[in-house]
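So the chains spell out like this:
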Amino acid sequence: MLCLGNLWEECCDCVGMCNPKNYSDSPATSKSTVEELHRPIPSLFRALTEGDAPVNMMVVSFPVAEELSHHENLVSFLESLDTQPQNVSVPGNSIHASYDTQENMCTVVYFDDCVSIRQCKVYCESMGGSKYRWFHNACCQCIGPECVDYGSKAVKCMNCLF
């Protein structure tokens, strides 16, 4: 709010700090950007997320089956569209073939503080993450190697929940 100063009225909705002017829009916390990282280091990510959580971070693990349920909802939604989905590329049920969804756990890390999308990518690369999800309220989630899709859609950054 202090950074926007006299532009608060005009710009607060652009950064998710007030109600959007167009009320049909969804809140910033429900929107996110995801990207795969090119050089993950699974052993480093596991070492950093096992045991006590590092300072200023929250480690969350959940079954891969829970993550896949979101993916399957997306696939069934896209398949139900009346428009021709020629430009849409989403893997089908073959994703289950190489994973035992009963045993594998997806581990993600949330940073407590808000960060830029560039910082999010750099932090996740330095942790050895395989992907990241940057929520449009500036909450960053690093996604571990066991995750099949893009982690959790829940925003859990302690100091970045607006």
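Preceding block: the structure.
Owing to the predicted nature of the structure, the values given are computational and were not obtained by experimental measurement.

Right, let's talk about the packing of aromatic side chains for a bit. Within the structure shown, the criterion is met by one aromatic pair. Measuring from centroid to centroid gives 5.2 Å for Phe111 and Tyr123, while their planes differ by 55°, and the two rings are tilted. Of this pair, Phe111 sits in strand S3 (residues 105-111) while Tyr123 sits in helix H4 (residues 117-127), and the two are 12 residues apart along the sequence. Owing to a relative accessible area of 9%, Phe111 belongs among the buried residues under this scheme. The ring of Tyr150 has Lys131 lying over it, and the distance from NZ or CZ to the ring centre is 5.0 Å.

Here we take up the pattern of salt bridges. All told, the structure shown has two salt bridges when counted by the stated rule. Across the pair Glu35 and Lys121 runs a salt bridge whose closest N-O atoms are separated by 3.0 Å. Placement of the pair is Glu35 in strand S1 (residues 32-36) and Lys121 in helix H4, with a sequence separation of 86 residues. Owing to a relative accessible area of 25%, Glu35 belongs among the partly exposed residues under this scheme. Looking at Lys121, the relative accessible area reads 26%, which means it is partly exposed. Note that Arg46 and Glu146 form a salt bridge whose closest N and O atoms lie 2.6 Å from each other. Highlighted residues: Arg46 in helix H2 (residues 42-49) and Glu146 in the segment after strand S5 (140-143), separated in sequence by 100 residues. With relative accessibility at 32%, the residue Arg46 sits in the partly exposed group. Residue classification places Glu146 among the partly exposed positions, given a relative accessible area of 22%.

Listed as buried for H4 are Cys120, Cys124 and Met127. Buried residues of H4 fall within an arc of 60° about the axis and therefore sit on the same side. For H4, the elements touching its buried residues are H2, strand S2 (57-63), S3, strand S4 (131-135) and S5. Looking at the residues trailing H4, positive phi occurs at Gly128, about 85°.

Here S4 lies mainly inside the structure; five of its five residues are buried. Judged by which residues are buried, S4 turns out to be covered on both faces: Lys131, Arg133 and Phe135 on one side and Tyr132 and Trp134 on the other are all buried. Inspection of the sheet shows S4 paired to S5 by four bridges, in the antiparallel sense. Its bridge partner lying in S5, Trp134 is registered against Cys140.

What counts, and at which threshold
Residues numbered from 1 in each chain as written. Predicted model: local features only at pLDDT ≥ 70, side-chain atom pairs only at ≥ 80, totals over all residues. Heavy atoms only, no water. Phe/Tyr/Trp six-rings, centres within 6.5 Å; stacked < 30°, edge-to-face > 60°. Helix = DSSP H or I, 4+ residues; strand = E, 2+ residues; numbered from the N terminus. Buried < 20%, exposed > 50% of the residue type's maximum accessible area, 1.4 Å probe, protein only. Lys NZ or Arg CZ within 6 Å of the ring centre and 35° of its normal. Salt bridge = Lys/Arg side-chain N within 4 Å of Asp/Glu carboxyl O. Arc of directions from axis to C-beta. Contact = heavy atoms within 4.5 Å. Pairing = 2+ DSSP bridges.

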